[in-house]
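# A look at the structure
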Amino acid sequence: MTATASSLAPPQKILLATDLRSHGDRALDRAAQLARQWRVPLHVVHVQPCPEDELSPINQPSWRQGRSSPVMVDRQIRHDLRQEVAGLVIHVADGDPADAILDTAAQHGCDLIVLGASEPFSPGALGGVTEQLLRKSPVSLLVVKSRPHDAYASVVVGTDFTTESRCGLTTAANWFPAARLALMHVLDIPYTSLWLDEEHGSDLARMEMATMRAFLDDTPLSAEVRERVVPLIEHGHPEIVLRDHVIREAADLVVISAFRRGLAFHLLVGGTSRRIVPAVPSDVLLVRAQP
């Protein structure tokens, strides 16, 4: 199996989407850290509220701000950056936030979109813009929740042994070469204890680990990377198992993946990804695999 070039090289341009609220500082800091780490340009887009929205305060949240001049937006973003970022470009757009973010990414060739967890992340809940981007973005998406202190050090990659999850693993290995890597397969078997006795459970565990090993053997990784991948087989709901692992091991990034288009993409993003993103306390990277 040959990995695509996009899964091997870090992004060439990063786009940070920000609404200039205080919670966005975490995403700004992480986007800046990645731009410095990968030595790539950082684009920042702020989407202004539409004029008609300002005239109708009904159903508008209390924090909704009015339109800011491009000069004010530029000044605030540069002020909030703690260090200079080479290749910084700031855009101010109008219209629907998700569409404006995607249009800016396409227009400037950005291959990673970074945004903060803009609304309270309770189980089963996603912010509207975040959910739209999860469904519609043709490029990879990083949802930032934690305040960054350094490069990602502990990364968990979810796998279901499909082609797109292999892309997630190669991406994690190449984008974050110094990080500890855990490759986790979570099998959700309803009522396991009612029909799976100890002997058959041991047989199933051996079969699952053999499948994991075969998956790793068929993934284009260097010997050094292969040595530091920790394979994990767990049973339960993926979002719960991943959440517990992140908390227990202090992992700072979860990587999941999906095809850009087609039935597999819609099933994954509509189901597992939509549950994982709000459930885990760490940052989440959705890798958009090539179909």
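What counts and what doesn't
- Residues numbered from 1 in each chain as written.
- Predicted model: local features only at pLDDT ≥ 70, side-chain atom pairs only at ≥ 80, totals over all residues.
- Heavy atoms only, no water.
- Helix = DSSP H or I, 4+ residues; strand = E, 2+ residues; numbered from the N terminus.
- Axes fitted to C-alpha atoms, helices over the stretch in contact; angles between N-to-C directions.
- Parallel < 35°, antiparallel > 145°, perpendicular 65-115°, else oblique.
- Left-handed = near helix turned anticlockwise from the far one by under 90°.
- Contact = heavy atoms within 4.5 Å.
- Nonpolar A, V, L, I, M, F, W, Y, C, P; charged D, E, K, R; others polar.
- Buried < 20%, exposed > 50% of the residue type's maximum accessible area, 1.4 Å probe, protein only.
- Arc of directions from axis to C-beta.
- Pairing = 2+ DSSP bridges.
- Salt bridge = Lys/Arg side-chain N within 4 Å of Asp/Glu carboxyl O.
- Expected span 1.5 Å × (residues − 1).
- Polar contact = N/O pair within 3.5 Å; in protein donor to acceptor, adjacent residues only side chain to side chain.
- pLDDT = per-residue confidence, 0-100.
- Core = buried A, V, L, I, M, F, W, Y, C linked by side-chain atoms within 4.5 Å.
- Phe/Tyr/Trp six-rings, centres within 6.5 Å; stacked < 30°, edge-to-face > 60°.
- Lys NZ or Arg CZ within 6 Å of the ring centre and 35° of its normal.

## Focus on unusual backbone geometry
Phi angles above zero are rare outside glycine, and arginine 39 is one such case at about 55°. Tracing the backbone through its elements, the reader meets arginine 39 in the loop between helix H2 (24-38) and strand E2 (42-48). Phi at phenylalanine 161 takes a positive value of approximately 70°, unusual for a residue other than glycine.

## Here's the deal with the packing of helix H5 (residues 97-108) against helix H6 (residues 128-136)
Any two packed helices are characterised by how steeply their axes cross, that is the angle between the axes, and by the distance between the axes. Two elements in contact, H5 and H6, have axes separated by 9 Å at closest approach and are oriented at 45°. The angle between H5 and H6 falls in the class oblique. Considering only the axes of H5 and H6, their crossing is right-handed. Residues Pro97, Ala98, Asp99, Ile101 and Leu102 of H5 form the contact with H6, whose own contacting residues are Val129, Gln132, Leu133 and Lys136. In terms of residue class, the contact of H5 with H6 is built from six nonpolar, one polar and two charged.

## Notes on H6
Burial in H6 covers these residues: Thr130, Glu131, Leu133 and Leu134. Buried residues in H6, looked at end-on, bunch into an arc of 165°, giving them a common side.

## Some remarks on the pairing of E2
Extensive coverage of E2 is indicated by the burial of seven of its seven residues. Of the two faces of E2, the one carrying Leu42, Val44, His46 and Gln48 and the one carrying His43, Val45 and Val47 are both buried. Of the pairings in the sheet, the one linking E2 to strand E3 (residues 88-94) comprises seven bridges and is parallel in character. Among the inter-strand pairings, glutamine 48 is bridged to a residue of E3, identified as aspartate 94.

## Points about the pattern of salt bridges
Here the structure, examined in full by the defined rule, presents 10 salt bridges. Across the pair glutamate 224 and arginine 228 runs a salt bridge, and its minimum N-O distance is 3.4 Å. Here the residue glutamate 224 and the residue arginine 228 both occupy positions in helix H10 (residues 223-228), the gap between them amounting to four residues, near one helical turn. In this structure, the salt-bridge partner of arginine 275 is glutamate 239, at a minimum N-O distance of 3.3 Å. Linking arginine 275 in helix H12 (residues 263-279) with glutamate 239 in helix H11 (residues 238-249), this pair joins segments that are 36 residues apart in sequence.

## Some details on H5
The terminal C-alpha atoms of H5 lie 17 Å apart, and with 12 residues this matches the ideal 16 Å at 1.5 Å per residue to within 8%. Here H5 has its buried residues at Ala98, Ala100, Ile101, Leu102, Thr104 and Ala105. In this fold, the buried residues of H5 make contact with strand E1 (14-18), E2, E3, strand E4 (112-116) and H6. The N-capping residue of H5, defined by a side-chain oxygen 3.3 Å from the backbone nitrogen of alanine 98, is aspartate 96. The positive-phi residue at the C-terminal boundary of H5 is glycine 109, with phi of around 70°.

## Some details on the confidence of the model for the protein
Detailed conclusions should not be drawn from predicted coordinates in areas where pLDDT is low. Summary statistics for the protein give a mean pLDDT of 81 and a share of 77% for residues scoring 70 or more. Low pLDDT, under 50, characterises residues 1-6; the predicted model gives this stretch nine contacts beyond four residues in sequence or across chains. Low confidence marks residues 261-270, where pLDDT is under 50. Its contacts with residues over four positions away, or in another chain, come to 22 contacts.

## Notes on the nonpolar core
Core analysis: the largest hydrophobic core is formed by 46 residues, its most contacted members being Ile14, Val155 and Phe176. Here this core gets seven residues from one element, more than from any other, and that element is H2. If we ignore the near neighbours within four places in the chain, the residues touching valine 155 are Ala172, Phe176, Ala179, Arg180, Leu181, Ala182, Leu253 and Val255. By size, the runner-up hydrophobic cluster in this structure holds 35 residues, among which are Ala93, Leu141, Ala251 and Ala258.

## Some remarks on the packing of aromatic side chains
Under the criterion given, the structure shown has five aromatic pairs. A ring pair is formed by tryptophan 38 and phenylalanine 176, whose centres lie 6.1 Å apart and whose planes are at 40°; its orientation type is tilted. Taken together, the residues span a long stretch of sequence, with tryptophan 38 in helix H2 and phenylalanine 176 in the loop between helix H7 (163-175) and strand E7 (180-187) at a distance of 138 residues. Take tryptophan 38 and phenylalanine 176: they sit in the same class, and that class is buried. On the numbers, 6.3 Å between centres and 75° between planes, the contact of tryptophan 175 with phenylalanine 176 is edge-to-face. Each member of the pair, tryptophan 175 as well as phenylalanine 176, is classed as buried. Site record: aromatic cluster; members linked through ring pairs are Trp38, Tyr152, Trp175 and Phe176. The side chain of arginine 30 reaches across the aromatic face of tyrosine 152, ending 3.8 Å from its centre.

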